[in-house]
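Each chain, letter by letter, is given below.
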Amino acid sequence: MRIGVFVCHCGTNIAGTVDSKGIAARAAELKDVVHTQDITYTCSEPGQDAIQEAIQMKGLTRVVVAACSPHMHEVTFRRCVEGAGLNPYLFEMANIREHCSWIHEDYDEATEKAYEIIKMAVAKVRELEPLYANEVEVNKDVLVIGGGVAGIQTALDLADAGLQVTIVEKETTIGGTMAQLDKTFPTLDCSACILTPRMVDCSQHENIEIMAYSEVERVQGYVGNFTVDIRRKASYVDWEKCIGCEICQQKCPAKAPDSFNEDLVETKAIYLPFPQAVPKKAAIQYDYCRWFQEGKCKVCERVCPADAIDYEQEDEYLQREFGAVVMATGLDVFPWEEYYHEYGSGRIPDVISGLQYERMLNASGPTGGHVYRPSTMGKKKEEPEEPKTVVFIQCVGSRDESVGRPYCSSVCCMYTAKQAILTKDHVGMDTDIYVFYIDIRATGKGYEEFIKRAQTEFGVKYVRGRVSKLYESDGKVVVRGADTLLGDQVEVEADLVVLASGITPPEGSGKLAQTINISYDEYGFFTESHPKLRPLETNTAGVFLAGACQSPKDIPTTVAQASGTSSKVLGLLSRDKLKTSPEIAVVDQTRCVSCWKCIEVCPFGAPEKQEQRDGSFKSHVIESVCQGCGICVANCPVNCIALKGFQTDAIIDQIEEALLA
Amino acid sequence: MGKLAYYPGCSLRHSAEEFDSSTRTVLETLGMELEEVPDWTCCGASPAHMTDHLLAQTLTARNLRQAHLVSEEMVAPCPACYQREKSAELEIHADADLRAEVNGIMDRPYSGEVRVFNLPELILERVGTETLRRRVKQDLSQLRVVPYYGCLLGRPSEVTGEVDSEQPVRMDQILEAVGANVRWWNYKTECCGASVGVPKKIIQQQLTKRIFEQALNAGADAIVTACPLCHQNLDMRQAQVNSHMGTDFHIPVLYLSQVMGLAMGFTPEKMLLAKHAVDPRPLVRGALEKAAEVRAEEERKAAEKVARAKARAEKKAKEKEDAEAAR
Amino acid sequence: MIRYDPQQATFYRDKLMERVKEDVAECYQCGNCTAGCPAAFTFDYPPNKIMRMLQVGMVDEVLASKSVQLCIQCLTCTARCPRNIDIAGIFEDLKTIAVVREMKVPEDADKFNRLFLQNIAKYGRLSEAMFLVRFNLASRKPMNDAGLGLPMMSKGKLEFLPKKSGGADEVGRIYKKALERSTWEN
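Computed from a prediction, not measured in an experiment: that's the story for all the values here.

A tally of helices and strands in chain A yields 18 helices and 34 strands. Seen through its principal axes, chain A has C-alpha atoms that stretch 100 × 70 × 40 Å. Out of the 661 residues in chain A, the part that is buried amounts to 54%. At a minimum sequence separation of 6, the contacts of chain A that also span at least 24 residues come to 69%. With the model as given, the accessible surface of chain A reaches about 29,600 Å², and the carbon-plus-sulfur share is 47%. When the 67 positive and 95 negative side-chain charges of chain A are each reduced to one mean point, those points stand 2 Å apart.

Below, the structure is given as structure tokens:
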């Protein structure tokens, strides 16, 4: 047993509060310690060289580095000792920075504490055994959940790299929110023009399979080996036969909500969402179909030229295997009608949300791109009116703690400016447009210039102040706001009010996260592994994030992130085998009593019932699934599970060193 | 369900006598036993809490103490008194130091745990819409009203108990249950000016003018309120608004309890409608008459339908007979 | 030229946090309070400006403002503030600070409050006629609301002779003791 102890100064981070030199010297007194050294920056090249030299020169069999947190550099130092020929698991880190120098002020007391921490580390390292990483076979297929622009980008990148990708999308078509937009800021490119070619690429790519109108029901397994249950929802139309001619939609007598058009208008019970849908297939909304609800009709079956209607169709369940999962489930719009009752709770027809207005501006939308006052639409004898005064209100459902949404939705300032410019374009330059804002956030490339264009070239009037109330009076919507720069209340009589409603995760995000076993925050956004250093991965190995499901963001950022995510997936799946950490639980099957408590408590599904030769069943921990959390170790009633790298004896020695020595 | 302590407050005693009387009548008819808080005194309303916090809480605590002599539950129909008494209830019961301070300047201490109700809350909790529906004797379906909550029956929701302070629903539920034609409007909780109508009249006039406009916009003929100060601003001062703002409003303002009373069969006289500045009696009479007409018309149409069906059946029978006879 | 007074700012920020548990630093000046305030059209400074003045320490101007005096306490600002600040609570506290510091304030709201309280301290319950006469004199508008007098009388809504109620003496004592206890330091 030849132990080497290296104590870091970390500049003044440690040495400013702890006498690194002194305790390094004192460590020589400890049993079995044959080499001690203090180093200014141990993680640096000279520092690591010093460790390797000592291992080779002095034949060290165990190494302790007293420095920062293992979260920072345990991996670094394990690699370092491995490079010198020592098993990397015969290494222990003593945290004398986060656990000592950074939280105490008294030099003498901190030094004493640091020395005790080192003693404990030495006591443990004596008990450690060499461990060898496991290898597991890897499935190279990738599951992308969500077919919006993030999912599409990731899928195309991965497919181009030669991997087989399956996109599971809950609507009948891919495209997501971007397909609903008219133009995109700041270039005012037509959204569908830039997106639909990508959508078609996906459908034509030999490596991409699109499973539309489907949802993920269950995920089992572990990184490299996920088994996923997918439910293909019944559309009551045989998609093998459907040619997307839309005759059924024209002839259907039953009205139904039109979620693609954000309920600005209604669609029919059998519908195709929009003309460039991929796949372009019809589906029946069960709750609105007269055949299913009343037993009469069947007009669609009669008129369909391809004989594709199938009322008997049922949900289909499939099971697939994947090596990695990418979450690209996108966003929903904040349901302002349920919170902003001072804006009329959705009952004032001329008050609409940003996405509803986007559908109105869209040339292939329900009004053919004409901007009308909703209160004048749908009247048989009168022409719908164009508005002369339009008011945009920002931060509806964002930056607002009173509705539980303190965050900024990132895109609304820009999309409001875009919609204001388009309004001037569609209705006329003499339209009066006001934008009520608190701050303008225009951080992307070309964004600030775009805002300036709106204000100068297009004459949009920006008013700094929030709006307190909207109410109807004499056929107009009265906007009661404030102009804080002038220091007064203002009232504007508007023909149309557009609320820049914020971004919120889609309904059911929390439940989906639980199915996939990833973390999510109080709003439903999925949690990244580290906001700065690992924004594309989750803490669940093999599951990655792309797009707005992680946090509100615009299209350029989404596309960039999606490509970044695909490179992470490629990194994971570039080898045929994956190394997994050997610091995992192992069951002593001679003592296991088959109580299955370990299976009950494991959050990852690592322990399994393994059949023995005599027909009995004992617990066995699947090496590649176990994450080494230790819950089963603590719960086993007969103490027959050990956590490699944290054996009971090692821990007890540490405790004794701390309390008895 | 024991006795309820009844705290009228200064307004109900005189200038809002019709609110007091109709509330007592309705609550007692619905089976509640009321006893006026013995030796009750003014809750302090706005002037107290705008002058000194301890003063405000003590004036209200005194009434809670007096109420406790009668019951553990107190109803304060005036929303301003309710807010004062409720805020005292919430603060004093939770903060022992404040209770001690308050008790220190009263003649006798308050040691109870009285719960304070506001009127709509009491009605919905103790009576409920089902019972109200069953007690309806007069048809108010042609009386088009908007419920005006004012500031203090909606906000803040921690004190009033309404789920959403911008869209309170209790008055709507009660009015619908007694059969009135309740119109939706977005002006339920916009301030009428409250007591500032005395020191700064122009504020109150501007605000009530808007309320009248919104009520008419919503298709209402009358405004229903449950606050004596709102009632005074809307009813007593309606003529002032007309003369100073150049308008010509003639909108009766009814108390919630009066509408309930009328639905339950009490006469306009019993509900003291004559005390209002803007006389609601013609409107109420008209609404009841119209409702009777509408009902009569419906009955007539139904009878006609039955007669027609009978005639058809008879015709068919005769045709069958004739056919038989021809063979 | 404005000169910020960081000491006053900090002193009052801490005082308000202690007295009403609200932090003026949370205000991001969105203007929602100003937008919804029914009385703001009579104020000298709109509500969001009062919050800003408190943030930078212009406290004396705030306490001497019409805004603080004319606030009706309708709570619309508090209900709609996106940072959940009880703005009405802050205004209420500013009113009481002006009272305890015996400051001279504009408008007649302070006279209204004082005469009201004196009235109930004497009679236990508000004696409206007596109070209104007194207030009209104090605010130098003797004919204020005179047009309402006759209709109110004919409907029996006005009682002339004030009557002392059972608890009047105790109310008088409470009034006196509460005001004795309120000092600026508390």
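We now examine the interface of chain C and chain B. If you look at the interface, chain C gives 54 residues, while chain B gives 57 residues. The tally of links from chain C across to chain B stands at 5 salt bridges. Of the charged contacts in the structure, one is a salt bridge between C:R80 and B:E166, with a shortest N-O distance of 2.8 Å. Scanning the region where chain C abuts chain B turns up 12 residue pairs in polar contact (both at pLDDT 80 or more). Looking at the side of chain C that touches chain B, the elements that each hand over two or more residues are α6 (76-80), α7 (87-100), α8 (109-123), α9 (128-138), α10 (146-154) and α11 (168-181) of chain C. Among the elements that line the side of chain C that touches chain B, the one with the most residues is α11(C), at 10 residues. Each residue belonging to the side of chain C that touches chain B can be placed in one class, and the counts come to 26 nonpolar, 12 polar and 16 charged.

Read from one edge to the other, the open sheet built from 3 strands follows the order β24-β25-β26 (chain A), with strand pairing classed as antiparallel. Of all the strands in the sheet, just β24 (467-473) and β26 (488-494) of chain A have a single pairing partner and so form its edges. Going from strand to strand, the sheet's axes swing by 20° on average, the running direction of each strand aside. As defined by bridge partners, strand β25 (residues 476-483) of chain A adjoins β26(A) across 7 bridges and the pair is classed as antiparallel. When the sheet's bridge partners are listed, A:G481 is paired in β26(A) with A:V490. The strands that helix α11 (residues 201-217) of chain B touches are β24, β25 and β26 of chain A; relative to β24(A), the one it contacts most, it runs at about 50°.

For the rest of this paragraph, the subject is the pairing of strand β3 (residues 62-67) of chain A. All names here are of chain A. Counting buried positions over the 6 residues of β3 gives 6, a clear majority of the element. Taking every second residue as pointing to the same face, both faces of β3 are buried, with R62, V64 and A66 on one and V63, V65 and A67 on the other. Strand direction decides the pairing type here: strand β1 (residues 3-8) and β3, joined by 5 bridges, are parallel. Opposite F6, over in β3, you have V65 as the bridge partner. In this structure, β3 lies alongside strand β4 (residues 91-95), joined through 5 bridges in parallel fashion. Directly across from V63, in β4, lies its bridge partner F91.

Segmenting chain C into domains produces domain 1 (6-100) and domain 2 (109-179). Here the C-alpha centroids of domain 1 of chain C and domain 2 of chain C sit 29 Å apart.

Opposite the 10 residues of chain B that make contact, chain A presents 16 residues. Between chain B and chain A, roughly 1,100 Å² of surface is buried when both sides are summed, and carbon and sulfur atoms account for 41% of that area. Between chain B and chain A we count 3 salt bridges in total. For the pair chain B and chain A, the interface holds 10 residue pairs in polar contact (both at pLDDT 80 or more). Taken together, the residues of the side of chain B that touches chain A sort by class into 2 nonpolar, 4 polar and 4 charged.

Summed over all chains, the structure comprises 31 aromatic pairs over all chains. With centroids separated by 5.1 Å and ring planes inclined at 80°, the aromatic side chains of C:F112 and C:F131 adopt a geometry described as edge-to-face. With C:F112 in helix α8 and C:F131 in helix α9, the pair connects residues that are 19 residues apart, well separated along the chain. In this structure, C:F112 and C:F131 share a single accessibility class: buried. Every member of this aromatic cluster is reached through a ring pair, and the members are A:Y236, A:Y286, A:W291, A:F292 and A:Y311. Against the face of A:Y213 rests A:K233, its NZ or CZ located 4.8 Å from the ring centre.

The rules behind the values
Along each chain, residues carry numbers from 1 onward, in the same order as the chain's sequence is written. The order in which chains are written sets their letters, starting at A; the order in which ligands are written sets their numbers, starting at 1. For a predicted model such as this one, the threshold for reporting local features is a pLDDT of at least 70, and the threshold for listing and counting side-chain atom pairs is 80 or more; totals across whole chains, interfaces and linings nevertheless cover every residue. Hydrogens are left out, water is left out, and the side-chain values use all remaining heavy atoms of the structure. Counting from the N terminus, the helices are DSSP H or I runs at least four residues long and the strands are E runs at least two residues long. The buried label applies to any residue whose accessible area, calculated with a 1.4 Å probe on protein chains only, is under 20% of its type's maximum; exposed applies above 50%, and partly exposed to all values in between. Contacts: residue pairs with any heavy atoms within 4.5 Å of one another. What sets the accessible areas is the Shrake-Rupley method with a 1.4 Å probe; for residues, cover comes only from the shown protein chains. For the charge count, each Lys or Arg is scored as positive and each Asp or Glu as negative, with His and the chain ends excluded. We put the charge of a Lys on NZ, of an Arg on CZ, of an Asp on CG and of a Glu on CD. A pairing counts as a salt bridge when a side-chain nitrogen of Lys or Arg comes within 4 Å of a carboxyl oxygen of Asp or Glu. Any pair of nitrogen or oxygen atoms within 3.5 Å is treated as a polar contact; in protein, a donor-acceptor pairing is required on top of that, and neighbouring residues in sequence qualify only through side-chain atoms on both sides. The nonpolar class holds Ala, Val, Leu, Ile, Met, Phe, Trp, Tyr, Cys and Pro. Asp, Glu, Lys and Arg form the charged class, and all remaining residues, Gly among them, are polar. In short, DSSP must find at least two bridges between two strands for them to pair. Note on geometry: axes are lines fitted to C-alpha atoms, helical ones only across the stretch in contact, with angles between N-to-C directions running from 0 to 180 degrees. Domains are outlined according to an automatic or database domain assignment. What counts as buried area is the accessible surface, traced by a 1.4 Å probe, that two parts surrender upon association, with contributions from both included. By convention, a stacked pair of Phe, Tyr or Trp rings (six-membered ring in the case of Trp) has centres within 6.5 Å and planes under 30 degrees apart, an edge-to-face pair has planes over 60 apart, and any other such pair is tilted. In this scheme, the term charge over a ring applies when either NZ of a lysine or CZ of an arginine sits within 6 Å of the ring centre and within 35 degrees of the ring normal.

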